[in-house]
Amino acid sequence: MSSSTRNSIDKSVFTVLTNAIILSMLESVNGVGVWKSYEARSIPGSTRIPIQEIRNIFHSTSDLLGLDVGSGAGRSTGILRKGLGCRIVAVDVSMRGLLATDSTSMRIVGDAQLLPFENEVFDFVNLAGLMANLTHKEPERAKAMRHQVAREVYRCLKPEGCAVVSDFAATGELSGLKHNYRGHALITGEYGTSVGFNPPCPIDFEIMTDDEILEYARTHAIDRFTHHYTASELVEIFHQAGFKIPKYSIELGKSSSGRERDAIVLTAVKV
């Protein structure tokens, strides 16, 4: 890593950590306290970390500098570091999650909408499970947040660098799982955005009428929103940020309940 790159990251560490106490108390980008019912080391569902997709872009990975945005408790950070053999910077809004992350990686408290780095610093950026949490009670604000994150990722990447995205898809092509997105949208205001209750909804939305769903929402505590993407939706977000999209795939992931669910893995290259 060049001295200028290291200095820019060191400056970022100082800037962000001076505000760490304030940032750690903020609500997540979800706007309703996403995943607050989970412990820092618990994984609320998982999708594959796109190691091979990164390898397909670069001839060698050992000298790369990667950014893991929305690193949580470090699952993805550890997989990237072990699988690629390179230096990884982990960024998350949760101080508790970062403290659980392997200390051999640099750990920074920060917001994906305003990444605390200079332009063109990283070779690749990983977004595993991050895009699903870009939700808000106002759907237009949620959409603006997603585009802002894509622009920030583009800004921080070196030319010809890549972003890899791994998240749940709004399809049931492989899993055969039927999900009543229309019913959830009665509450969230956006197709693809699901609502989660605490305690979890004991009745399956798939068999509830619209009136039953709305009544349930009025009488039970909403814990979180989660957005699942169609391929065209995710491609368009990154395309508008300036990326070229050479590849995406639909594959199987696993939800927090242990059920198989369709996932989308996308590669975006900065041009």
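A word on the overall build of the protein. When its secondary structure is counted, the protein shows nine helices and nine strands. Here the protein holds 271 residues, and 50% of them are scored as buried. In the protein, once contacts between residues fewer than 6 apart in sequence are set aside, the share between residues at least 24 apart is 71%. Total accessible area on the protein stands at roughly 12,700 Å², and carbon and sulfur atoms take up 52% of it.

This part is about helix 9 (residues 231-240). Every buried residue of helix 9 is accounted for by Ala231, Leu234, Ile237 and Phe238. Buried residues of helix 9 fall within an arc of 135° about the axis and therefore sit on the same side. Opposite the buried face of helix 9, by more than 90 degrees, sit the exposed residues Ser232 and Gln240. Against the buried residues of helix 9 lie strand 4 (122-128), helix 6 (139-156), strand 5 (157-168), strand 8 (243-254) and strand 9 (260-270). Two residues or fewer after helix 9 comes Gly242, characterised by a positive phi angle close to 115°.

Moving on: unusual backbone geometry. The amide bond that connects Asn198 to the next residue, Pro199, takes the cis arrangement and shows omega of 0°. For Glu120, which is not a glycine, the phi torsion comes out positive at approximately 55°. Within the secondary structure layout, Glu120 lies in the loop between strand 3 (106-109) and strand 4.

Along the polypeptide, Asp223 turns up in strand 7 (residues 222-227). The buried category is assigned to Asp223, whose relative accessible area is 1%. Within the structure, the side chain of Asp223 is placed 3.1 Å from the side chain of Arg224, a separation counted as a polar contact.

It is worth spelling out the confidence of the model for the protein at this point. On average, residues of the protein carry a pLDDT of 84, and 83% of them reach 70 or more. Low pLDDT, under 50, characterises residues 4-43; the stretch is placed with 70 contacts to residues that sit more than four places away or in other chains.

Here is what the cut-offs are and how they apply
- Residues numbered from 1 in each chain as written.
- Predicted model: local features only at pLDDT ≥ 70, side-chain atom pairs only at ≥ 80, totals over all residues.
- Heavy atoms only, no water.
- Helix = DSSP H or I, 4+ residues; strand = E, 2+ residues; numbered from the N terminus.
- Buried < 20%, exposed > 50% of the residue type's maximum accessible area, 1.4 Å probe, protein only.
- Contact = heavy atoms within 4.5 Å.
- Areas by Shrake-Rupley, 256 points an atom, 1.4 Å probe, with all protein chains shown as cover.
- Arc of directions from axis to C-beta.
- Polar contact = N/O pair within 3.5 Å; in protein donor to acceptor, adjacent residues only side chain to side chain.
- pLDDT = per-residue confidence, 0-100.

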